[in-house]
Amino acid sequence: MTTINRSIDTNVGPRFLSISHESLIEVARSVTGATNQVKVIHPRGNPNKLFLTVDLKQYETNVPALGGTLVPRLWMRNHNDGTG
């Protein structure tokens with residue numbers, strides 16, 4: 001079982017919890033398996049924001065009607081500044 005670390009962020013008020021980027025990355029790795037590469041982006045170089053994607057290759061499906069294969073993607077975002 002994996003736990004996401006979180007804490008009340010007093011900078012943005014009691015409504016928001018601050019979730020650690022590192023915790024989300026570790027959860028994505030543990031849930032999706034070692035064979036799937038976790039890609040992490042900090043948009044505009046902002047360390048408070050994180051976009052994370054993982055292609056779930058083990059669920060790849062051939063879809064001739066679409067002209068190729070379909071690979072599901074897990075997509076997550078985290079904003080540690082209270083905006084999302």
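Further up the page is the structure itself.
Worth saying up front: this structure is predicted, and the values here are computed from it rather than measured.

Participant: Hey, could you run me through the overall build of the protein in this one?
Facilitator: Counting its secondary structure elements, the protein contains 1 helix and 7 strands. Starting at the N terminus, the α and β elements of the protein follow one another as β-β-α-β-β-β-β-β. A separation of at least 24 residues holds for 36% of the contacts in the protein among residues at least 6 apart in sequence. Looking at the protein as shown, the accessible area adds up to about 6200 Å², and 53% of this sits on carbon and sulfur atoms.

Participant: Even after reading the chapter, I still don't get the nonpolar core, so can you show me in this structure?
Facilitator: Note that soluble globular proteins tend to have their nonpolar side chains buried in a common cluster. Formed by L24, I25, A28, V38, L50, L52, V54 and L56, the largest nonpolar core amounts to 8 residues. Apart from the residues within four sequence positions on either side, L52 is in contact with L24, I25, A28, V38, K39, V40, L74, W75 and M76.

Participant: Just checking my understanding: could you explain the pattern of salt bridges for this structure?
Facilitator: When their charged atoms lie close together, side chains carrying opposite charge are able to pair. Counted according to the given criterion, the structure contains 2 salt bridges. With its nearest N and O atoms 3.2 Å apart, the salt bridge here joins E26 to R29. Note that E26 and R29 are positioned in helix α1 (residues 21-32) at a spacing of 3 residues, about one turn of the helix. Residue R29 is classed as partly exposed on the basis of its relative accessible area of 43%.

Analysis parameters
- Residues numbered from 1 in each chain as written.
- Predicted model: local features only at pLDDT ≥ 70, side-chain atom pairs only at ≥ 80, totals over all residues.
- Heavy atoms only, no water.
- Helix = DSSP H or I, 4+ residues; strand = E, 2+ residues; numbered from the N terminus.
- Contact = heavy atoms within 4.5 Å.
- Areas by Shrake-Rupley, 256 points an atom, 1.4 Å probe, with all protein chains shown as cover.
- Core = buried A, V, L, I, M, F, W, Y, C linked by side-chain atoms within 4.5 Å.
- Buried < 20%, exposed > 50% of the residue type's maximum accessible area, 1.4 Å probe, protein only.
- Salt bridge = Lys/Arg side-chain N within 4 Å of Asp/Glu carboxyl O.

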